[in-house]
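# Descriptive structure summary
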Amino acid sequence: MNTLTPVLQSRLPQVGTTIFTVMSALAAAKGAVNLGQGFPDFEGDPLLVDAVTDAMKRGLNQYPPMTGVPALREAIAKKVEAIYGHRYDADTEITVTAGATQAILTAILAIVHPGDEVIVLEPCYDSYVPNIELAGGSVVRVPLTPGNFRPDFSKIAAAITPRTRAILINTPHNPSGTVWTRAEMLQLQDLLAPTDIVVISDEVYEHMVFDGKAHESVARFPALAARSFIVSSFGKTYHVTGWKVGYVAAPAPLTAEFRKVHQFNVFTVNTPVQHGLAAYMADPRPYRDLPGFYQRKRDLFRDGLRKTRFRMLPGEGTYFQCVDISAVSDLNEADFCKWLTSEIGVAAIPLSAFYGNGFDQKVVRFCFAKKDETLNTALERLAKL
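Below: a short report on this structure. (Residues numbered from 1 in each chain as written. Predicted model: local features only at pLDDT ≥ 70, side-chain atom pairs only at ≥ 80, totals over all residues. Heavy atoms only, no water.)

So, about helix H4 (residues 99-111). The periodicity of an α-helix, 3.6 residues per turn, causes residues three or four positions apart to be oriented the same way. An ideal rise of 1.5 Å per residue puts 18 Å on 13 residues; H4 measures up with 19 Å between its terminal C-alpha atoms. Most of H4 is tucked away, with 10 of its 13 residues classed as buried. (Helix = DSSP H or I, 4+ residues; strand = E, 2+ residues; numbered from the N terminus. Expected span 1.5 Å × (residues − 1). Buried < 20%, exposed > 50% of the residue type's maximum accessible area, 1.4 Å probe, protein only.)

As structure tokens, this is what we get:
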């Protein structure tokens, strides 16, 4: 009997243990406050849990439609129209997904063919590049402007070729917290106007924009909406990241291709959670109140950081705060984060982890989606620096 393990050629040879896994394990081993991974340490609304429990008790536990529960798709369409002024058809243009990460992979697999180029703006969420590679596409990396992480449209324009199939954008931006402006969206719209480039717009932090600013969804801009997949996340919005439910809004022709892939890599998404979300969305206050909720946490965290030698970068949105460590340490970002976790007891993530070439600019990212007591404990420890 042959007991040898087959030798495989990896589809993702560059992928190993991520820094997120490393830092979380180190934080647990050292008893550090984990401000590295981006998820809350507090619970979602009990009313939402009750709505899901009620759906389970009512027997809504079998397969829902492949595209998502109709009531939830209609609730999404109404929310998008109310906020951004663009009406998506719930039947043909809204698809419920198993979280935003699955949504992004599915969009890429639906449209990217071997040899196609896809532009990513670095630093970027760590799934983008492997997703493109799995589809057989070529990754074209364009850096956001160091320091403020704003898009550089001259560099984006220079990266466009006849082989460019798509561009991935993310606003509010993980990891930097930068929020694209209306003027920047209009620049993107004008730049892409003469092309057939598809936009995949990662908008999972859409309800975390601060200081009275608006989230400029691509849905607000007709010529962008006509070429875009918009990705959002209930997990981020409602503090239930482990539920892994999100959605994609896109014009019907794009949605038709998306659903061809969705049908065979997920098929459908947790039924009672979908029904619970549909019922919960009848009240818009949870997402309308979210900017104020997280701005208070941002301000608490930034006030505490002012007592340290960190230099804070702008924090316009998301639940992340980036800081420059130049005045604190001569270590590189990754080594500093390991030292900070082990010796100070606070975990952070190096920004270099979000670049393909490991670009080190002496910046690390903290997550402030935590209880106030968690943040205060972390700030007390950071004040020692």
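Having seen the structure, we can now continue with the description.
Looking now at the pattern of salt bridges. Inspection of the entire model under this criterion finds 19 salt bridges. With a shortest N-O distance of 2.9 Å, Arg58 and Asp54 are connected by a salt bridge. Classification of Arg58 as exposed rests on a relative accessible area of 53%. With a relative accessible area of 39%, Asp54 lands in the partly exposed category. Here Arg296 and Asp372 are joined by a salt bridge, their closest N and O atoms 2.9 Å apart. Of this pair, Arg296 sits in helix H13 (residues 290-305) while Asp372 sits in helix H15 (residues 372-382), and the two are 76 residues apart along the sequence. Overall, Asp372 belongs to the partly exposed group, its relative accessible area being 22%. Shared partners join several salt bridges into a network, and the residues in it are Arg150, Glu184, Lys213 and Glu316. (Salt bridge = Lys/Arg side-chain N within 4 Å of Asp/Glu carboxyl O.)

A word on the sheet that holds strand S4 (residues 138-143). Here we have 7 strands laid out as an open sheet, ordered S2-S8-S7-S6-S5-S3-S4, and mixed in their pairing. Of all strands in the sheet, those with a lone pairing partner are strand S2 (94-97) and S4, marking the two edges. Pairs of neighbouring strands in the sheet enclose a mean axial angle of 20°, with direction left out of account. As paired strands, S2 and strand S8 (residues 246-249) are joined by 4 bridges and run antiparallel to one another. Residue pairing across strands places Thr97 opposite Gly246, the latter belonging to S8. Set on the sheet, H4 makes contact with S2, strand S5 (164-170), strand S6 (198-202), strand S7 (228-233) and S8; between it and S7 the angle comes to about 165°. Strands S2, S6, S7 and S8 of the sheet are contacted by helix H10 (residues 252-265), whose axis makes an angle of about 25° with S2. (Pairing = 2+ DSSP bridges. Axes fitted to C-alpha atoms, helices over the stretch in contact; angles between N-to-C directions. Contact = heavy atoms within 4.5 Å.)

This paragraph deals with the environment of Leu375. Residue placement: Leu375 occurs in helix H15. Taking relative accessible area as the criterion, Leu375 reaches 0% and is therefore assigned buried. Sequence spacing of Leu375 and Phe301 is 74 residues, and the spatial spacing of their C-alpha atoms is 6.7 Å. Apart from residues lying up to four places away in sequence, Leu375 is in contact with Leu35, Lys297, Leu300, Phe301, Cys367, Phe368 and Lys370.

Enumeration over the complete set of coordinates arrives at 0 disulfides. Just so you know, Cys337 is unpaired, no disulfide at all, and the nearest cysteine sulfur is the one on Cys322, 10 Å from it. On the basis of relative accessibility, which here comes to 0%, the residue Cys337 falls in the buried class. In this structure Cys367 is a free cysteine whose sulfur lies 11 Å from that of Cys322, the closest cysteine sulfur available. (Disulfide = S-S within 2.5 Å.)

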